[in-house]
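Below, each chain spelled out in residue letters.
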Amino acid sequence: MSLKELGKSVADQFAKIYGHPPRWLAAAPGRVNVIGEHTDYNDGFVFPMAIDRYTVIAAAPSAQGSKNIQLRSTVGDATVSIDLSQPLNPAKKGTWYNYPLGVIAGFQGRGITPGGFDALIHSTVPLGGGLSSSAALEVSTATLLEAITHTSLDPVDKALLCQKAEHEYAGMPCGIMDQFISVMGRQDHLLLLDCRSRKTELVPMNDSSVELLITNTNVKHELTGGEYAKRRAQCEAAAKVLGVPSLRDADAEKLERAQERLDPIVYRRARHVISEIERTLHAAEGVRASNWPTVGQLMYASHASLRDDYEVSCPELDALVEIALAIGAKGGMHGCRMTGGGFGGCTVALVQADEVAAISERLATEYEKKTRIKPTLFTSRPAAGATVLQAG
């Protein structure tokens, strides 16, 4: 279903529920990170793309003309009413509407108040697969509020407002990648993001002979909270011994010279980050040149580093990468790696478009045979970022 068709479908659902058509329609995509994992909090580079899975919000002025915002989700028919005449505070941690609530609070903090409206939220971004459904919800909310209030935030400011909402209202200390790509993604482009300077570069990927195949392992090992904090602390410890502000400022040679002064685990964590930053920049060069075999090899090397040096993979992710390696370039598989924080979630693979069906079938069959779990697979070309589909 195209984004235009998805928008029409959500508008029709809105009309059924509220008895009149929506005035505004806004959408924002999820994302997959092609390469550059656990580099963001080390001031490094990431290389995500927007996927053609979106959160769409349909809205119209409040029927009662009240100062209340009514948010309704198509997931579980959850509905919440937000009273704009009262100070906004986060709901209990884990509550779904904390994401839009934080964005509304961010607009209020800038003196931009939308007034009361009724909204219906629908998402095709898979939940819990590490494809950034939360950023899609935040950015679609911000895009809707821009349409309602006739304002246009600077894209960087908009992304940072959404990141702040996730920190302060959802209680998740995420980096900047998810919100940046959801705001700034462009069709047939990947986004090279410098996490230190926040400088972005759109890298064209116009070759329609290749696609990204995303496979959800449909497992999530509950290790990530403490493990994530531990990895950050280990990276900071390595930077301290190396005498640099962050691992972005180190190179392989500097690390090797300091090996004896580093705890072996801390050394391996730093080796992953330093090599991953380098791989990400090389991958961007490869995409610019449509050099798919090189990009694919960098993806395999990234996975091996995440598995062995950073230790954030899991048997299910490794199984998918092993199957991809067995398919190989002759079968149309250029490269594959885990994507996201780790311990479950998804792999991303660079594949020949004309081999997608055969590759998908083999991945699904062999993965289920190895793990007894059915995976979920879909392909995506680099998709468009946040957009207003209808403005009243």
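Sequence order sets the numbering: in each chain, residues are counted from 1 along the sequence as written. The model is predicted, so local features are restricted to residues of pLDDT at least 70 and side-chain atom pairs to those at 80 or more, both for listing and for counting; the totals for chains, interfaces and linings are taken over all residues. Think of the side-chain values as coming from all heavy atoms in the structure, minus any hydrogens and water.

1. Points about the overall build of the protein
Along the protein, the regular secondary structure elements total eleven helices and twelve strands. C-alpha atoms define the radius of gyration, and 2.2 Å times the number of residues to the power 0.38 defines the globule rule. Taken over C-alpha atoms, the radius of gyration comes to 21 Å for the protein, in line with the 21 Å a tight globule of 392 residues would show. Overall, the protein is about 70 × 50 × 40 Å in size when its C-alpha atoms are taken along their principal axes. Buried residues in the protein amount to 55% of all 392 residues. Only heavy atoms enter the contact rule, under which two residues are in contact if any of them lie within 4.5 Å. A fraction of 73% describes how many contacts in the protein between residues 6 or more apart in sequence connect residues 24 or more apart. Numbering of helices and strands runs from the N terminus; a helix is a DSSP stretch of H or I covering at least four residues, while a strand is a stretch of E covering at least two. Each residue's exposure class comes from its accessible area (1.4 Å probe, protein chains only) as a fraction of the maximum for that residue type: buried when under 20%, exposed when over 50%, partly exposed otherwise.

2. Observations regarding unusual backbone geometry
Here the phi dihedral of Arg-198 falls at roughly 65°; this positive angle occurs in a residue that is not glycine. Mapped onto the elements, Arg-198 comes out in the loop between β6 (189-194) and β7 (200-204). Owing to a relative accessible area of 39%, Arg-198 belongs among the partly exposed residues under this scheme. Even without being a glycine, Asn-218 presents a positive backbone phi close to 60°.

3. Re the pattern of salt bridges
Criterion for a salt bridge: a side-chain nitrogen of Lys or Arg within 4 Å of a carboxyl oxygen of Asp or Glu. Scanning the model with the defined rule gives 23 salt bridges in all. Of the charged contacts, one joins Glu-146 and Lys-158 as a salt bridge, the two residues approaching to 2.7 Å between their closest N and O atoms. Taken together, the residues span a long stretch of sequence, with Glu-146 in helix α3 (residues 133-149) and Lys-158 in helix α4 (residues 155-168) at a distance of twelve residues. For the pair shown, Glu-146 and Lys-158 are each scored as buried. Here Arg-279 ties to Glu-276 by a salt bridge, and the two come within 2.9 Å at their closest N and O atoms. Placement of both Arg-279 and Glu-276 in helix α8 (residues 264-288) is noted, with a separation of three residues, approximately one turn of the helix. Residues Arg-279 and Glu-276 agree in their burial class; the two are buried. The network of salt bridges with common partners includes Glu-37, Glu-276, Arg-279 and Arg-337.

4. Notes on the state of the cysteines
Counting rule for disulfides: a pair of cysteine sulfur atoms within 2.5 Å. Throughout the structure, instances matching the rule amount to zero disulfides. Residue Cys-174 stays outside any disulfide, its sulfur separated by 9.9 Å from that of Cys-162, the closest cysteine. Cysteine Cys-336 is unpaired, with the sulfur of Cys-346 as its nearest cysteine sulfur at 11 Å.

5. Here's the deal with the sheet that holds strand β11 (residues 376-380)
For two strands to be treated as a pair, DSSP must find no fewer than two bridges joining them. Taken together, four strands build an open sheet; the order of strands is β9-β10-β8-β11 and the sheet is antiparallel. Two strands in the sheet have a free side with no partner beyond their single neighbour: β9 (333-339) and β11. Taken over all neighbouring pairs, the strand axes of this sheet differ in orientation by 20° on average, direction set aside. For strand β8 (residues 210-220) and strand β10 (residues 344-352), the ladder comprises eight bridges, and the chain directions are antiparallel. For Glu-211, the partnering residue across the bridge sits in β10 and is Val-351. Throughout, an axis means a line fitted to C-alpha atoms (over the contacting stretch in the case of helices), and angles, computed between N-to-C directions, take values from 0 to 180 degrees. Strands in contact with helix α9 (residues 292-308) are β8, β9 and β10; relative to β9, the strand with the most contacts, it is inclined by about 30°.

6. Brief notes about the packing of α3 against α4
Contact pair α3 / α4: the axes reach a minimum separation of 10 Å and the direction vectors enclose 125°. One element, α3, and the other, α4, form an angle in the oblique class. Like other packed secondary-structure pairs, α3 and α4 cross with a definite hand, here right-handed. Judged by residue contacts, Ser-134, Ala-135, Glu-138, Val-139, Ala-142, Thr-143 and Glu-146 of α3 engage Lys-158, Cys-162 and Glu-166 from α4. By residue class, the composition of the contact of α3 with α4 is four nonpolar, two polar and four charged. Roughly parallel here means an angle under 35 degrees, roughly antiparallel means over 145, roughly perpendicular means 65 to 115, and every remaining angle is called oblique. For any pair of crossing helices, the crossing counts as left-handed if the nearer helix is rotated counterclockwise from the farther one by less than a right angle, and right-handed if it is rotated clockwise. Only Asp, Glu, Lys and Arg are considered charged in this grouping, and only Ala, Val, Leu, Ile, Met, Phe, Trp, Tyr, Cys and Pro are considered nonpolar; every other residue, Gly among them, is considered polar.

7. Some points on the nonpolar core
What tends to happen in soluble globular proteins is that the nonpolar side chains get buried as a cluster. With 52 residues, the main nonpolar core has Phe-47, Leu-131, Met-205, Ile-214, Leu-247, Val-287 and Leu-350 as its most contacted residues. Per-element accounting of this core gives the leading share, nine residues, to α8. In this structure, Ile-69, Val-139, Tyr-169 and Ala-170 belong to the second largest nonpolar core, which totals 43 residues. Think of a nonpolar core as a cluster: buried Ala, Val, Leu, Ile, Met, Phe, Trp, Tyr and Cys residues, connected wherever their side-chain atoms sit within 4.5 Å.

8. Notes on the pairing of β7
Pairing between β6 and β7: five bridges, direction antiparallel. Residue pairing in the sheet places His-189 in a bridge with Pro-204 of β7. Linking β6 to β7, which pair antiparallel, is a turn of five residues; within it Arg-198 sits at a positive phi near 65°.

9. Digging into helix α11 (residues 356-371)
With 16 residues, α11 extends 22 Å between its outermost C-alpha atoms, agreeing within 8% with the 22 Å of an ideal straight helix rising 1.5 Å per residue. Among the residues making up α11, those that are buried are Val-356, Ile-359, Ser-360, Leu-363 and Tyr-367. Taken down its axis, α11 places every buried residue within 100° of arc, on the same side. Residues of α11 that are exposed and angled more than 90 degrees away from the buried face: Ala-357, Glu-361 and Lys-369. Packed against the buried residues of α11 are β8, α10 (315-327), β9, β10 and β11. Just downstream of α11, Arg-372 is the residue with a positive phi angle, here 65°. What a helix should span is 1.5 Å times the count of its residues minus one. Taking the helix axis as origin, the arc is that swept by the directions to the C-beta atoms.

10. Regarding the environment of Trp-96
Tracing the sequence through the fold places Trp-96 in the loop between β4 (79-83) and α2 (98-109). Apart from the residues within four sequence positions on either side, Trp-96 is in contact with Leu-71, Ser-73, Ala-78, Val-80, Ile-121 and Leu-137.

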